[in-house]
Amino acid sequence: MPAIITGTATAPVGNLQHLGLQAFMPHPALAAWVQCYWVMRLTTLPAAGYQQTLYPDGGSSLNFYFQPGQPPQCHFNGSQTLTTLQLTEALDAVGIRFYPGGAFQLLGQDAPLLQGGAVNAADFGISTLQPLQQQLAATEHTAARLQYIEQWLLQQVQQRNAKSSHIQQVLPVLLLRQTTPSVSELSAGVNLSRRQFERKFLQQVGLTPGQLKLLQRVRYARQLINLNPQQALTDIALCSGFYDQAHFIHQFQRITGQTPGQYRRRKQSQFRMS
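Residues numbered from 1 in each chain as written. Predicted model: local features only at pLDDT ≥ 70, side-chain atom pairs only at ≥ 80, totals over all residues. Heavy atoms only, no water.

A few words on the overall build of the protein chain. Within the protein chain, the regular secondary structure consists of ten helices and nine strands. Taken over the C-alpha atoms alone, the protein chain extends approximately 55 × 55 × 30 Å along its principal axes. When the 274 residues of the protein chain are sorted by exposure, 48% land in the buried category. In the protein chain, 70% of the contacts between residues at least 6 apart in sequence involve partners at least 24 apart. In the structure as shown, the protein chain presents an accessible area of about 13,900 Å², 51% of it carried by carbon and sulfur atoms. For the protein chain, the separation between the mean place of its 20 positive charges and that of its 11 negative charges on side chains is 6 Å. (Helix = DSSP H or I, 4+ residues; strand = E, 2+ residues; numbered from the N terminus. Buried < 20%, exposed > 50% of the residue type's maximum accessible area, 1.4 Å probe, protein only. Contact = heavy atoms within 4.5 Å. Areas by Shrake-Rupley, 256 points an atom, 1.4 Å probe, with all protein chains shown as cover. Lys, Arg positive; Asp, Glu negative; His and termini not counted. Charge placed at Lys NZ, Arg CZ, Asp CG, Glu CD.)

Encoded structure:
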């Protein structure tokens, strides 16, 4: 069974650990594309249900939702806009969280076509997906479910002859918070023309390099606030790669729907309550 990931700083699907979400590391052969697996079994909810804001970060998810006596529904979500998760009933789910570009490599789907919200994965035409769903329907054990999913992903790697693409080679450089490489520099680093690089990047990630870098910077700023709500916002802006406070506030609000100060006050309130 994959090793469990602890801590809230790397939460793959919002900060849902308090609802029982667990995250697990993928097989090393999948680590270039898969951030983690997540599992959540929620049997009881408050009378009013539960609502969680999900913030875009460039990643995507393939999620399996279980109901007794039938194959799990399988939906892909590659949305890169602010969304709200509304839970009103018991939930038994397992998900694969992909890094930016990871789903393109393993599922063969162009990223821009998958950003309108949840998509039924049956529409992808992956012949091995239905047998996987049948395997998953035959067990309620988390370890067995993760094993089936991981075997399926490793099979996808072989069938698609998945390799570390040019785009994935530059992602670590692009996502360094304190650097801002130009598109020309990135494309030259992998021996592609600027036009080829931009086309491939959009196809695989669904965003421009600048858009992805911004999402990741705001994600890191949120993580810093989550870990220490008392930290000065000017320090958080600098640590996240923003050198202009007004720009930080504007972009943070555009992506999260709230200013850094509003986000911090909400976290401080939650911290006091806990």
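On to the packing of aromatic side chains, then. Under the defined criterion, the tally for this structure stands at six aromatic pairs. Ring plane angle 45° and centroid distance 5.1 Å describe the contact between F242 and F248, whose orientation is recorded as tilted. Both rings, one in F248 and one in F252, keep their centres 5.8 Å apart while their planes meet at 70°; by these two values the pair is edge-to-face. Highlighted residues: F248 and F252, both in helix 9 (residues 245-256), separated by four residues, approximately one helical turn. For the pair shown, F248 and F252 are each scored as buried. In this structure an aromatic cluster arises from ring pairing among Y55, F242, F248, F252 and Y263. Just above the ring of F66 sits the side chain of R145; from NZ or CZ to the centre is 3.6 Å. (Phe/Tyr/Trp six-rings, centres within 6.5 Å; stacked < 30°, edge-to-face > 60°. Lys NZ or Arg CZ within 6 Å of the ring centre and 35° of its normal.)

Once that is clear, we can look at the packing of helix 7 (residues 209-227) against helix 9. As a packed pair, helix 7 and helix 9 sit with axes 10 Å apart at the nearest point and diverge in direction by 95°. By the criterion of interaxial angle, the relationship of helix 7 to helix 9 is roughly perpendicular. The residues of helix 9 that touch helix 7, namely those facing L214, L215, V218, A221, R222 and I225, are F248, Q251, F252, R254, I255 and T256. Tallied by class, residues from the contact of helix 7 with helix 9 come to eight nonpolar, two polar and two charged. (Axes fitted to C-alpha atoms, helices over the stretch in contact; angles between N-to-C directions. Parallel < 35°, antiparallel > 145°, perpendicular 65-115°, else oblique. Nonpolar A, V, L, I, M, F, W, Y, C, P; charged D, E, K, R; others polar.)

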